[in-house]
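# Observations on the model geometry
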Amino acid sequence: MDARFPAIAEQLLLIERELRVQGWWDEASPSPEALSSVEPFSVDTLDFHQWLQWIFLVRMKHILEQDLPLPNASGILEMAEMVYADRPLESLGLRNALKKFDQLIADAR
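Residues numbered from 1 in each chain as written. Predicted model: local features only at pLDDT ≥ 70, side-chain atom pairs only at ≥ 80, totals over all residues. Heavy atoms only, no water.

Identification of the chain as YqcC family protein from Pseudomonas azadiae is taken from an unreviewed UniProt entry.

In structure tokens form, the structure reads like this:
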């Protein structure tokens, strides 16, 4: 098991918490078509918070549960900064959690 797994698991919980706190957590899943987008961050079918909830968190939890290799890089904070440029205070907690996630992934290099 990668030594970063516990810290990454904690960050995933913090990301989920921030999505819930801000009201960006959806109870109903998007359609299978929306979830099958091949575009980065599913920008053509999902809002960024939906991508975080239904794609990113699900994939990362699967990686941790199955003891699979972590990604080599992560640039999620950059996308969040673009998406939430007009809501800097509202998105601060989420952006901080994503920044820490990016740092944890980068630590392996």
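### Considering the nonpolar core
The biggest cluster of nonpolar side chains holds 29 residues, and the ones touching the most others in it are Ile 8, Ile 15, Phe 48, Leu 52, Phe 56 and Phe 101. Secondary-structure elements contributing two or more residues to this core are helix H1 (5–21), helix H3 (48–65), helix H4 (76–83) and helix H5 (92–106). By residue number, the principal contributor to this core is H3, which donates nine residues. Apart from the residues lying within four places of it in its own chain, the contact partners of Phe 48 are Phe 41, Ile 76, Met 79, Ala 80, Val 83, Tyr 84 and Leu 98. (Core = buried A, V, L, I, M, F, W, Y, C linked by side-chain atoms within 4.5 Å. Buried < 20%, exposed > 50% of the residue type's maximum accessible area, 1.4 Å probe, protein only. Helix = DSSP H or I, 4+ residues; strand = E, 2+ residues; numbered from the N terminus. Contact = heavy atoms within 4.5 Å.)

### Observations regarding unusual backbone geometry
Residues apart from glycine generally show negative phi values, whereas peptide bonds are mostly found in trans. With phi around 60°, Phe 41 is a residue other than glycine that occupies positive phi space. Note on placement: Phe 41 falls in the loop between helix H2 (32–35) and H3. Phi is positive for Ser 42, which is not a glycine, with a value near 50°. Considering the arrangement of structural elements, one finds Ser 42 in the loop between H2 and H3. Look at Ser 42 and you get buried, because its relative accessible area is 4%.

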